[in-house]
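# Per-entry structural report
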Amino acid sequence: SDKGIYYNPSSPKVIDLIIKQVYELITNYDLAGIHFDDYFYIDYDIDKENYEEYFKKNSNITLSDYRLNLVNTMIKNVYKTIKDYNKEIIFSISPDGNINNNYELHFADIKTWLKEPGYVDIIMPQVYYGFNHDLKPFIETLNEFINDWNLRKDIIWKRPEFSPFISDSPPLSSSCLRSVSSR
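So, here's what we can say about the structure.

Calculation notes
Residues numbered from 1 in each chain as written. Predicted model: local features only at pLDDT ≥ 70, side-chain atom pairs only at ≥ 80, totals over all residues. Heavy atoms only, no water. Helix = DSSP H or I, 4+ residues; strand = E, 2+ residues; numbered from the N terminus. Buried < 20%, exposed > 50% of the residue type's maximum accessible area, 1.4 Å probe, protein only. Contact = heavy atoms within 4.5 Å. Areas by Shrake-Rupley, 256 points an atom, 1.4 Å probe, with all protein chains shown as cover. Pairing = 2+ DSSP bridges.

Another aspect to go through is the overall build of the chain. For the chain, the helix and strand inventory stands at six helices and four strands. Looking at the 183 residues of the chain, the share that counts as buried comes to 44%. Across the chain, the fraction of contacts at a sequence separation of at least 24, relative to all contacts at a separation of at least 6, is 71%. Carbon and sulfur atoms make up 52% of the accessible area of the chain, which totals about 10,800 Å².

For strand 1 (residues 33–36) and strand 2 (residues 90–93), the ladder comprises four bridges, and the chain directions are parallel. Opposite G33, over in strand 2, you have I90 as the bridge partner. Here two bridges tie strand 2 to strand 3 (residues 122–123), and the two strands are oriented parallel to one another. The residue bridging S92 from the neighbouring strand is I122, located in strand 3.

Nothing here speaks to function; it is geometry throughout.
Next up, the structure:
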């Protein structure tokens, strides 16, 4: 494709490959942890055929729920692989700083990961917004992640202390959230 080459998150072979890659890393290297960024879905057409086939047998699931379930399954399996090998190895994820983007663009069910055990040890949201950002002010955005969520007691919450990427300008799109501002 002219958009690049991506793993299909709905392919069992891809999920198995990712789990095997994580296993190879943790068994061959002395690692303190494995960290995932937030981009689980880059190409929104990549799994259309898989979904259509799945939908024939499970017509009560939306495409969004299908994708959320697939990502959750992969995250849970990666976590289990890590912990089965060594409970001391940390599994962390940096979800998008915009909670809605996690659900609508990346299909990252962060509320489940934060509420239920077996998904993640550390969460580090990418809150690259300035204190006076028009759409997502820094403090209010951080508070969205922790207010009214009944978080697990064992979750480690890492908030950004400083980022050279913080900007008070609204992003042009979700892919511009990491752009450096001259302010």
